[in-house]
Amino acid sequence: MTTRTAVVTGASSGIGAATARQLAMAGFRVVLTARRKDRIEALAAELSDAGHEATAYALDVTDRAAVDAFAADVARGGPVHVLINNAGGALGTESVATADPADWRAMYEVNVLGVLNVTQALLPALTASGDGTVLVLSSTAGLATYEGGGGYVAAKHGAHVIAETLRLELCGSPVRVIEIAPGMVKTEEFAKARFRGDESKAAAVYQGVAEPLLAEDVADTITWAVTRPAHVNVDLLVVRPRAQASNYKVHRES
């Protein structure tokens, strides 16, 4: 049986790294991409040492020329079956009235145009595989708004709409489009980056929440979705910790 190939963007940490590990354990050859070359090379070495197939490519998903070159290189190595659009992130919690447009632009570039760039570049290879999957990791922020989240919410709404539209446009082709929308996930970097390195503010996001989701929980959900039979499409799967009923209702223990 031919080994199936999965490309994971933003694989240097958090959900991306956890997803790469779980897909490798599920039998995929994983292609790891992220800007931090040292991180993905270390992960590729870890997976290779464990007997899996893994390749690392340093890549900024907002650089279209680099993405096109990457896609051409990957396609020369054989069919591409799965694309995990995981690269993304949030910056700041300012109101719409006071937010820095540069932060909004940066979030839009990676969360929306990054998804567009990599999907467009790899879609021919995914289609040629005869059984392709495009997975967009969005967020519950892409489904409901909350105060202080305007820029991130807008960007993730964009990612959500890409998935919805692409699914319509690819209907009848051998490529399915899956969207996974996580709620509160505690990773080592997401909240810290959002609060510009302020560890106390990052920690407060999860204060009193006994069991927020972990990167491994989301990776398990992603791996389950992409390993369903080819005729099964998981259009949209929302995954939250039990303590979170919505973006703004979270049970916190005193």
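Located above this text is the structure these notes cover.
Just so it is clear, the model here is predicted, and its values are computed rather than measured. (Residues numbered from 1 in each chain as written. Predicted model: local features only at pLDDT ≥ 70, side-chain atom pairs only at ≥ 80, totals over all residues. Heavy atoms only, no water.)

Visitor: Honestly, a nonpolar patch on the surface in this entry has me stumped. Any pointers?
Guide: Judged by side-chain polarity, L143, L236 and V238 come together as a nonpolar surface patch covering roughly 210 Å² of accessible area. By secondary structure assignment, the location of L143 is in the loop between strand 5 (132-137) and helix 5 (150-169). (Patch = residues over 30% accessible without salt bridge, like charges linked within 9 Å, V, L, I, M, F, W, Y side chains within 5 Å. Areas by Shrake-Rupley, 256 points an atom, 1.4 Å probe, with all protein chains shown as cover. Salt bridge = Lys/Arg side-chain N within 4 Å of Asp/Glu carboxyl O. Helix = DSSP H or I, 4+ residues; strand = E, 2+ residues; numbered from the N terminus.)

Visitor: I would appreciate a short explanation of unusual backbone geometry in the present structure.
Guide: Negative phi characterises most residues that are not glycine, and trans characterises most peptide bonds. Despite not being glycine, R196 has its phi angle at roughly 55°, a positive value. Relative to the helices and strands, R196 is located in the loop between helix 6 (190-194) and helix 7 (199-205). Since its relative accessible area comes to 48%, R196 is described here as partly exposed. (Buried < 20%, exposed > 50% of the residue type's maximum accessible area, 1.4 Å probe, protein only.)

Visitor: Explanation requested: a negative patch on the surface in the structure shown.
Guide: Taken together, the side chains of E188, E216, D217 and D220 make up a negatively charged region of the molecular surface. Within the secondary structure, E188 sits in the loop between strand 7 (185-186) and helix 6. (Lys, Arg positive; Asp, Glu negative; His and termini not counted. Charge placed at Lys NZ, Arg CZ, Asp CG, Glu CD.)

Visitor: In this structure, what is going on with the pattern of salt bridges? I would like to understand it.
Guide: If the charged atoms of two oppositely charged side chains come close together, the side chains can form a pair. In total, this model carries 11 salt bridges according to the counting rule given. Residue R21 pairs with E46 through a salt bridge whose shortest N-O separation is 2.8 Å. Placement of R21 in helix 1 (residues 14-25) and of E46 in helix 2 (residues 37-49) is noted, with a sequence separation of 25 residues between them. Taking the shortest distance from any N to any O, the salt bridge between E189 and R39 comes out at 3.2 Å. Highlighted residues: E189 in the loop between strand 7 and helix 6 and R39 in helix 2, separated in sequence by 150 residues.

Visitor: Help me understand the packing of aromatic side chains in this model?
Guide: Think of a pair of aromatic rings as described by two things: how far the centres are apart, and how the planes are tilted against each other in angle. For the structure shown, the criterion picks out 2 aromatic pairs. Ring centres 5.2 Å apart and planes at 75° place the aromatic pair Y57 and F70 in the edge-to-face group. Pair noted here: Y57 is in strand 3 (residues 54-58) and F70 is in helix 3 (residues 64-76), with a separation of 13 residues, a long-range link. (Phe/Tyr/Trp six-rings, centres within 6.5 Å; stacked < 30°, edge-to-face > 60°.)

Visitor: Help me understand the sheet that holds strand 3 in this model?
Guide: Within a sheet, each strand pairs with its neighbour through backbone hydrogen bonds, oriented either parallel or antiparallel. In spatial order, the strands read 3-2-1-4-5-6-9; together these 7 strands make up an open sheet with parallel pairing. Edge positions in the sheet fall to strand 3 and strand 9 (236-239), since each has one partner strand and no second. Mean inter-strand twist for the sheet, computed between neighbouring axes without regard to direction, equals 15°. The pairing of strand 1 (residues 5-8) with strand 4 (residues 82-85) spans 3 bridges and is classified as parallel. (Pairing = 2+ DSSP bridges. Axes fitted to C-alpha atoms, helices over the stretch in contact; angles between N-to-C directions.)

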